[in-house]
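Residue-level structural notes
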Amino acid sequence: MPKAIVVGAGIGGIATAIRLSAKGYDVSVFEANSYAGGKLHSKKVDGYRFDLGPSLFTMPHFVDELFRLHQKNPVDHFQYIRKEVLCNYFWDDGVKFSAKANKEDFIDDASRVFNEPSENIKNYLLRSKKKYDLTASLFLEKSLHKLGTYISRETLKAIFQIGKLDIGQSLNTSNKNTFKNDKLVQLFNRYATYNGSSPYQTPGIMSMIPHLEMHYGTFFPKGGMHQITESLVELAKNVGVNFYFNEAVERIVVANNKAGGIESINGNYDADVVVSNMDIYPTFKKLLSRERQPKKVLVQERSSSALIFYWGISKNFKELDLHNIFFSGDYEKEFEHIFKKKSLYQDPTVYINITSKEEPKDAPAGHENWFVMINAPGNYGQDWESLKNQSRKNIISKLNKILNIDIEKYIVSEFILDPKGIESSTSSYRGALYGAASNSKFAAFLRHPNFSRSIENLYFCGGSVHPGGGIPLCLLSAKIVDDLIPEA
Ligand code: FAD
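Residues numbered from 1 in each chain as written. Predicted model: local features only at pLDDT ≥ 70, side-chain atom pairs only at ≥ 80, totals over all residues. Heavy atoms only, no water.

**Concerning unusual backbone geometry**
Negative phi is the rule for most residues except glycine; trans is the rule for most peptide bonds. Definition in use: Where helices and strands are cited, they refer to DSSP runs of H or I of at least four residues and of E of at least two residues respectively, numbered from the N terminus.
Along the chain, His 466 connects to Pro 467 via a cis peptide bond; the corresponding omega equals 0°. Backbone geometry at Asp 46 places phi at a positive 50°, although glycine is not the residue there. Topologically, Asp 46 is positioned in the loop between strand S3 (42-45) and strand S4 (48-51). Of note in the backbone geometry, Asn 404 takes a positive phi value of approximately 55° without being a glycine.

As structure tokens, this is what we get:
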């Protein structure tokens, strides 16, 4: 049986291992940490359970597919519910908006709350669908770096309708040209953060993301986001994948331009195929330091990172749901701080995720588990202690004002994760959440391919390579790698 080695047990690595095992490979996954999941991990503290990283789950069928590959019924192993409310939005001036997943309800409510002609919203969502339909199979589902991808009907269709893709203007400009109401512009600008980019720089094509939420829905896995990792690791082990935890890989062994295995902290292992799920930057700088470096890929701007406060809160808040956003009064300044000044704005947009709304056992009775996140620049050696202290004050004062409460009184448990911590616990360069930023119209083409052009039998998956970051795209990267690797 041919051997495959996967470096890293992030979601992309686990999915690749499951796929290669179905293909007939003997698969081993080497993971530096004592646990699987990378960013998709959870922690229990003082009676509260927190998902540490991702909180929004879309396109669950990509997870289901992995169970079906091994002739298993997904619902026997992994379950999730569809959310009717996408997100509750709050502004400093008291405006609130509960965004429904049902498109018609969303349009009616948004038109009323923002005094926006419903036709504007309807047409925007139709264009959002069109952009997705035209580009998904080209940009997301195949390798962008193989000629075959371009010789297809779908590609020709996308090229002929390129004007409809809004590549030439920023998401913010596209939204401003559509909506009269500034709050609605801000709401739709927020979708740039789904891949760690700035709405003032990322191209208008990103307006396809709301279509994903409204058409495919948003979900919550029973037991929390970490169940995605747990159930897939269980599946992987079940089908014979070997996991080596606490075993960091130090080098990918290359001889005669062929990958032939790895050197870990504990020894050497041979393989016919090596797949790196480690961030592409350290993969080249550390594991492939003797090989030619893909300079253009490695100098790309990284996506935003995050500063997260995990709070045990001794109160229930009826006005809050699973996903809640408290918007900054000056969104443009906030992104200028994140991407240009590499700092944090004094009035940040605050995202609060509360899984105990769906899973009461995630917090003691009468309490809630708050994951309080602000978008942050990558780790460039800033003074994170002082930024954390200042941001904590800014966040609390914003929440006190909007929720009309003294929130500090209810914080009974706390720990904090900053970009430096994200970088050290996952090896993600600069603590980027989504690999490279999509702040340019060429970003999709500048991500590293899922294979090596110069080294045979070497492949790459996960959020720092094509097609990009976020759980669904990491799962798609595994699918593309699977398509590229020959049958065993
Ligand atoms: P990673 O999670 O980056 O894991 C890589 C793994 O490789 C790690 O376990 C690491 O320890 C291991 N590794 C690294 N180097 C080595 C080595 N030398 N040897 C062995 N192992 C090694 N996505 C969403 O879809 N929805 C969200 O709501 C969302 N929110 C997010 C919020 C936060 C705070 C964060 C941090 C991320 C968020 N994301 C979200 C992004 C999402 O988490 C990532 O895109 C995805 O989990 C990345 O998976 P990956 O396969 O690239 O691996």
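Picking up after the structure, the text goes on.
**Regarding the packing of aromatic side chains**
Using the following cut-off: Pairing of aromatic rings covers Phe, Tyr and Trp, the last through its six-membered ring, and needs centres within 6.5 Å; plane angles under 30 degrees mean stacked, over 60 mean edge-to-face, and all others mean tilted. Burial status follows relative accessibility: with a 1.4 Å probe on protein chains alone, a residue under 20% of its type maximum counts as buried, one over 50% as exposed, and anything between as partly exposed. Put simply, a charge is over a ring when the Lys NZ or the Arg CZ is close to the ring centre, within 6 Å, and near the line of the ring normal, within 35 degrees.
Using the criterion set out here, one finds 35 aromatic pairs in the structure. Taken together, a centroid distance of 5.7 Å and an interplanar angle of 75° make the contact between Phe 50 and Tyr 310 edge-to-face. One end of the pair, Phe 50, is in strand S4; the other, Tyr 310, is in strand S15 (residues 305-313), with 260 residues separating them in the sequence. Classification of Phe 50 by relative accessible area gives buried; the value is 1%. By relative accessible area, which is 0% here, Tyr 310 ends up buried. Centre to centre, the rings of Tyr 200 and Phe 335 are 6.1 Å apart; their planes meet at 55°, and the pair counts as tilted. Taken as a pair, Tyr 200 in the loop between helix H8 (182-189) and helix H9 (209-216) and Phe 335 in helix H13 (residues 331-341) lie far apart in primary sequence, 135 residues in all. The class of Tyr 200 is partly exposed, set by a relative accessible area of 23%. Residue class for Phe 335 comes out buried when judged on its relative accessible area of 4%. Positioned above the aromatic ring of Phe 415, the side-chain terminus of Lys 43 is 4.3 Å from the ring centre.

**A closer look at the confidence of the model for the chain**
The test is simple: As a per-residue measure, pLDDT tells how confident the predictor is, with possible values from 0 to 100.
Per-residue confidence for the chain gives a mean pLDDT of 95; residues scoring 70 or more make up 95%. Across the chain, the secondary-structure element scoring lowest on mean pLDDT is helix H5 (residues 147-150), at 59, and the one scoring highest is strand S1 (residues 3-7), at 99. At the level of chain-chain contacts, confidence expressed as ipTM amounts to 0.99, with global pTM at 0.96.

**Some words on the nonpolar core**
Worth spelling out the cut-off: Put simply, a nonpolar core is a bunch of buried Ala, Val, Leu, Ile, Met, Phe, Trp, Tyr and Cys residues held in one set by side-chain atoms that sit within 4.5 Å of each other. The split of the chain into domains comes from an automatic or database domain assignment.
Of all hydrophobic cores here, the largest spans 98 residues; its most connected members are Tyr 89, Phe 106, Ile 228 and Leu 232. Top contributing element to this core by residue count: helix H4 (residues 118-140), with seven residues. Residues lining this core come from more than one domain, with at least three contributed by each of domain 1 (3-38 + 227-300 + 437-484) and domain 2 (102-216). In this structure, Leu 307, Leu 344, Val 350 and Ile 374 belong to the second largest nonpolar core, which totals 27 residues.

**Let's talk about the domain arrangement of the chain**
For clarity, the threshold we go by: Between two residues, a contact is recorded if the distance between any of their heavy atoms is within 4.5 Å. Two parts placed together each lose some accessible area under a 1.4 Å probe, and adding up what both lose gives the buried area. When residue character is reported, Ala, Val, Leu, Ile, Met, Phe, Trp, Tyr, Cys and Pro are called nonpolar, Asp, Glu, Lys and Arg charged, and the others, Gly included, polar.
Annotation of the chain at the domain level lists domain 1 (3-38 + 227-300 + 437-484) and domain 2 (102-216). Using C-alpha coordinates to define each centre, domain 1 is positioned 30 Å away from domain 2. Each partner contributes residues to the interface: domain 1 has 18 residues there, and domain 2 has 18 residues. Of the roughly 1500 Å² buried at the junction of domain 1 and domain 2 (both faces included), carbon and sulfur atoms supply 62%. Secondary-structure elements contributing two or more residues to the side of domain 1 that touches domain 2 are helix H16 (443-446) and helix H17 (471-484). Considering every element that reaches the side of domain 1 that touches domain 2, the biggest residue donor is H17, with four residues. Taken together, the residues of the side of domain 1 that touches domain 2 sort by class into ten nonpolar, five polar and three charged.

**Concerning the state of the cysteines**
Each disulfide consists of one covalent bond between the sulfur atoms belonging to two cysteines. Applicable threshold: Sulfur atoms of two cysteines make up a disulfide when they are within 2.5 Å.
On inspection of all chains with the given rule, the structure shows zero disulfides. Looking at Cys 461, it has no disulfide partner, and the nearest cysteine sulfur is the one in Cys 474, 8.0 Å off.

**Examining the site of the ligand**
To keep it simple, the criterion reads: A cutoff of 4 Å decides nearness: a residue is near a molecule or strand if any of its heavy atoms lies inside that distance of it. What qualifies as a polar contact is a pair of N or O atoms within 3.5 Å, subject to a donor-acceptor requirement within protein and to the restriction that residues adjacent in sequence count only when both atoms come from side chains. Calculation of accessible area relied on Shrake-Rupley with a 1.4 Å probe; when residues are assessed, cover is drawn exclusively from the protein chains displayed.
As a structural note, the neighbourhood of the ligand is formed by 34 residues, with Gly 12, Glu 31, Lys 39, Gly 463 and Gly 470 the closest of them. Measuring from an oxygen atom of the ligand, one finds a side-chain N or O atom of Glu 31 at 2.6 Å. Expressed as a share of its isolated accessible area of 1000 Å², the protein-covered part of the ligand is 95%. Contributions of two or more residues to the shell around the ligand are made by helix H1 (11-22), helix H15 (419-426) and H17. Counting residues per element, the shell around the ligand draws most heavily on H17, at three residues.

**A closer look at H8**
Across the eight residues of H8, seven count as buried, placing the element largely inside the fold. The set of residues buried in H8 consists of Lys 183, Leu 184, Val 185, Gln 186, Leu 187, Phe 188 and Asn 189. You can read the cap of H8 off the contacts: a side-chain oxygen lies 2.7 Å from the backbone nitrogen of Lys 183, and it is on Asn 181.

**Details of helix H3 (residues 103-114)**
Inclusion rule: Each residue after the first adds 1.5 Å to the expected span of a helix.
Compared with the 16 Å implied by 1.5 Å per residue over twelve residues, the 16 Å span of H3 between its first and last C-alpha is a close match. Three or more residues of H3 are buried, namely Phe 106, Ile 107, Asp 109, Ala 110, Ser 111 and Phe 114. Residue Asn 115 follows H3 closely and has a positive phi angle near 50°.

**Quick word on the environment of Leu 387**
By the element assignment, Leu 387 lies in helix H14 (residues 384-403). Once the C-alpha coordinates of Leu 387 and Ser 343 are considered, the two residues, 44 residues apart in sequence, prove to be 8.1 Å apart. The residues contacting Leu 387, other than those within four sequence positions of it, are Leu 307, Ser 343, Leu 344 and Gln 382.

**A look at the packing of H1 against helix H2 (residues 61-69)**
Rules: The axes used here are C-alpha line fits, helices contributing only the stretch in contact, and every angle between their N-to-C directions lies in the interval 0 to 180 degrees. For classification, angles of less than 35 degrees are called roughly parallel, those exceeding 145 degrees roughly antiparallel, those between 65 and 115 degrees roughly perpendicular, and all remaining angles oblique. In this scheme, a crossing is called left-handed if the near helix is turned counterclockwise away from the far one by less than a right angle; it is called right-handed if the turn is clockwise.
Their axes nearest at 10 Å, the elements H1 and H2 cross at an angle of 30°. Considering the angle they form, H1 stands roughly parallel to H2. Classified by chirality, the crossing of H2 by H1 is left-handed. Residues Ala 15, Ile 18, Arg 19 and Ala 22 of H1 touch H2, and the partners they reach there are Glu 65, Leu 66 and Leu 69. The class makeup of the residues in the contact of H1 with H2 is five nonpolar, no polar and two charged.

**Details of the sheet that holds strand S12 (residues 258-264)**
Put simply, the rule reads: Here the rule is simple: two strands pair whenever DSSP picks up at least two bridges between them.
A sheet is described by the order of its strands in space; here three strands give the open sequence S11-S12-S13, paired in antiparallel fashion. Every interior strand has two partners, whereas the edge strands, strand S11 (249-255) and strand S13 (268-270), have only one. Adjacent strand axes in the sheet meet at a mean angle of 30° when their direction is disregarded. In this structure, S11 lies alongside S12, joined through six bridges in antiparallel fashion. The residue of S12 that forms the bridge with Val 254 is Ala 259.

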